[in-house]
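Observations on the model geometry
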Amino acid sequence: ASIRAWQRLVFLSLIRKVRAETAVHWMRPPDLVRLLTVFSRAGSGSKELSVLTTHLFNEMQDRVLDDIEDFGVEDCIGLLSSMARFGALKTSVLQVIGREKVHPALA
């Protein structure tokens, strides 16, 4: 079991670095999924971190809509899990993931 003790200063530092480097737009999809997994847990457990997490999910939406071809089915499932955990209803992301990745993998 993990402790999940979220340190606001650590997350602030991380989000500053991610934003400064526009990392969401170029990082490898599995790394983006890991980042969103951590932030979805932290953001859903802390009102202070929720705002940072919302910004991160907004940037993820732009990335997915522009570069869905970079993401594998497993990456997309990870994104969907993080979105569900945090409660980030991004209809356009759900549609493009379903249409471009999940549905073709099931067909």
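Summary of the structure given here.

Next up on the list: the overall build of the protein. Helix and strand counts for the protein stand at 5 helices and 0 strands. Starting at the N terminus and walking to the C terminus, you meet the elements of the protein as α-α-α-α-α. Taken over the C-alpha trace, the protein has a radius of gyration of 14 Å; the compact-globule value for 107 residues is 13 Å, and the two agree within 12%. Projected onto its principal axes, the C-alpha positions of the protein cover 45 × 30 × 25 Å. Per-residue burial over the protein gives 40% buried out of 107 residues. Relative to all contacts within the protein whose residues are 6 or more apart in sequence, the contacts with residues 24 or more apart total 71%. Element-wise, carbon and sulfur atoms account for 55% of the exposed surface of the protein, whose accessible area totals about 6,300 Å².

In this section: the environment of Ala42. Tracing the sequence through the fold places Ala42 in helix H2 (residues 29-45). Taking C-alpha positions, Ala42 is 8.8 Å from Phe86, a pair spaced 44 residues apart along the chain.

Rules behind the numbers
Residues numbered from 1 in each chain as written. Predicted model: local features only at pLDDT ≥ 70, side-chain atom pairs only at ≥ 80, totals over all residues. Heavy atoms only, no water. Helix = DSSP H or I, 4+ residues; strand = E, 2+ residues; numbered from the N terminus. Rg over C-alpha atoms; globule rule 2.2 N^0.38 Å. Buried < 20%, exposed > 50% of the residue type's maximum accessible area, 1.4 Å probe, protein only. Contact = heavy atoms within 4.5 Å. Areas by Shrake-Rupley, 256 points an atom, 1.4 Å probe, with all protein chains shown as cover.

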